[in-house]
Amino acid sequence: MPDREADPMPTPPPVPEGVVWVDHPLVQHKLSVIRRKDTVTGEFRRLVREVAMLVAYEVLRDAPLEEVEIETPLTTCRAPMLAGKKLCLVSVLRAGNGLLDGMLELVPAARIGHVGLYRDHDTLQAVPYFLKLPNDIGERMAIVLDPMLATGNSAVAAIDRVKQAGCTDIRYLCLLAAPEGLATVRAAHPDVPIFTAGIDQGLNAQGYIMPGLGDAGDRLFGTK
Ligand code: URA
């Protein structure tokens, strides 16, 4: 039993311009289970995959369509299908990989890029160590995936690299965001919309999102 009663649920901070908070009841319910410290690795991973899929619907709401001719068993008709090159999912290692599976269930033919960044625990700055993106990412929509938007430093660094590779249509998907991280990313990349399942109160002294869900990478991969 906790040694004190929990604080009442805080009112979520305002949603800044350019940020989409997916407040669907299913998403909110699953997010609360994800947050619980007793949620075991397998369930945590499954729920992260499901929330990624549900948030992805919103990310792709304005994806361009084109009419193509198709044959049904009864006739020929014109019908809408996604236009342009397959999109590119960019996972920010390592926790971004937890969002990939859910996204791939919706868009199985997507290309996948990886950006390796770790957070220096003293400075909280993002330190790059790996980058592999499709050569033609400039012709694709890219969705950058990282479950936790905390200080925003890693998100800005990841988006910088995707832009340097020539991509001009970028969206950012996370599970939880802190207001500080939202402000940092929006200031550095105002052209990149952010989609999140939750906006929390802020960061603690170690740069963790509060109340948050802990270390997303450790919880996804069972490394603690
Ligand atoms: N990264 C995490 O995994 N959790 C946080 O709360 C912040 C950054």
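Right above here is the structure, for reference.
Residues numbered from 1 in each chain as written. Predicted model: local features only at pLDDT ≥ 70, side-chain atom pairs only at ≥ 80, totals over all residues. Heavy atoms only, no water.

**Q** What is the right way to read the overall build of the protein from this model?
**A** In terms of regular secondary structure, the protein is built from 6 helices and 12 strands. With respect to the principal axes defined by its C-alpha atoms, the protein has extents near 65 × 40 × 35 Å. Counting only residues that meet the buried cut, the protein has 45% of its 224 residues in that class. For the protein, the share of sequence-separated contacts (at least 6 apart) that also reach a separation of at least 24 residues comes to 63%. Of the roughly 12,100 Å² that the protein leaves accessible, carbon and sulfur atoms contribute 54%. One finds the centroid of the 23 positive side-chain charges in the protein at a distance of 4 Å from the centroid of its 28 negative side-chain charges. (Helix = DSSP H or I, 4+ residues; strand = E, 2+ residues; numbered from the N terminus. Buried < 20%, exposed > 50% of the residue type's maximum accessible area, 1.4 Å probe, protein only. Contact = heavy atoms within 4.5 Å. Areas by Shrake-Rupley, 256 points an atom, 1.4 Å probe, with all protein chains shown as cover. Lys, Arg positive; Asp, Glu negative; His and termini not counted. Charge placed at Lys NZ, Arg CZ, Asp CG, Glu CD.)

**Q** Help me out: how do you make sense of the packing of helix 4 (residues 153-164) against helix 5 (residues 179-188) in this one?
**A** The geometry of a pair of packed helices is captured by two quantities: the angle between their axes and the separation between those axes. Between helix 4 and helix 5, whose axes approach to 8 Å, the crossing angle comes to 25°. Accordingly, the angle class assigned to the pair helix 4 and helix 5 is roughly parallel. Classified by chirality, the crossing of helix 5 by helix 4 is right-handed. Contacts from Asn153, Ala155, Val156 and Ile159 of helix 4 reach helix 5 at Thr184, Val185 and Ala188. In terms of residue class, the contact of helix 4 with helix 5 is made up of 5 nonpolar, 2 polar and no charged. (Axes fitted to C-alpha atoms, helices over the stretch in contact; angles between N-to-C directions. Parallel < 35°, antiparallel > 145°, perpendicular 65-115°, else oblique. Left-handed = near helix turned anticlockwise from the far one by under 90°. Nonpolar A, V, L, I, M, F, W, Y, C, P; charged D, E, K, R; others polar.)

**Q** Can you walk me through unusual backbone geometry in this structure?
**A** The phi torsion of most residues other than glycine is negative, and most of the peptide bonds are trans. A cis amide bond links Leu93 to the next residue, Arg94, at an omega of 0°. Within the secondary structure, Arg94 sits in the loop between strand 4 (88-93) and helix 3 (97-106). Between Met210 and the following residue, Pro211, the backbone shows a cis peptide bond with an omega angle of 0°. Here Pro211 is to be found in the loop between strand 12 (209-210) and helix 6 (216-221).

**Q** Any chance you could explain the pairing of strand 9 (residues 169-177) here in plain terms?
**A** Every other side chain in a regular strand lies on the same face of the sheet, so the side chains alternate between the two faces. The element strand 9 is largely enclosed, with a buried count of 8 among its 9 residues. As judged from the 5 bridges shared by strand 7 (residues 141-145) and strand 9, these two strands associate in the parallel manner. Across the sheet, the residue bridging to Val144 is Tyr172, located in strand 9. For the segment spanning strand 8 (residues 148-149), helix 4 and strand 9, crossover handedness is right-handed. Here strand 9 pairs with strand 10 (residues 194-199) via 5 bridges, running parallel. Across the sheet, the residue bridging to Tyr172 is Ile194, located in strand 10. (Pairing = 2+ DSSP bridges. Right-handed = clockwise from strand over helix to strand, strands pointing away.)

**Q** Before we go on, may I ask you to explain the environment of Asp169 in this structure?
**A** Secondary-structure assignment places Asp169 in strand 9. A residue is classified by how much of its surface remains accessible, and Asp169, at 30% relative accessible area, is partly exposed. Asp169 has contacts with Arg140, Met141 and Ala142, leaving out every residue within four places of it along the chain. Side-chain polar atoms of Asp169 contact the side chain of Arg171, separated by 3.4 Å. (Polar contact = N/O pair within 3.5 Å; in protein donor to acceptor, adjacent residues only side chain to side chain.)

**Q** Please explain a nonpolar patch on the surface as it appears in this structure.
**A** Taken together, Tyr118, Tyr129 and Phe130 make up a surface patch of nonpolar side chains, about 340 Å² in accessible area. One can find Tyr118 in strand 5 (residues 111-119). With a relative accessible area of 45%, Tyr118 lands in the partly exposed category. (Patch = residues over 30% accessible without salt bridge, like charges linked within 9 Å, V, L, I, M, F, W, Y side chains within 5 Å. Salt bridge = Lys/Arg side-chain N within 4 Å of Asp/Glu carboxyl O.)

**Q** What am I meant to see in the side chain of Arg219 here?
**A** Within the fold, Arg219 resides in helix 6. Within the buried set, Arg219 has no salt-bridge partner at all; the shortest N-O distance to an opposite charge, 7.7 Å, is to Asp38. Once residues within four sequence positions are removed from consideration, Arg219 is found in contact with Ile34, Arg35, Arg36, Lys37, Thr39, Thr41, Phe44 and Leu213.

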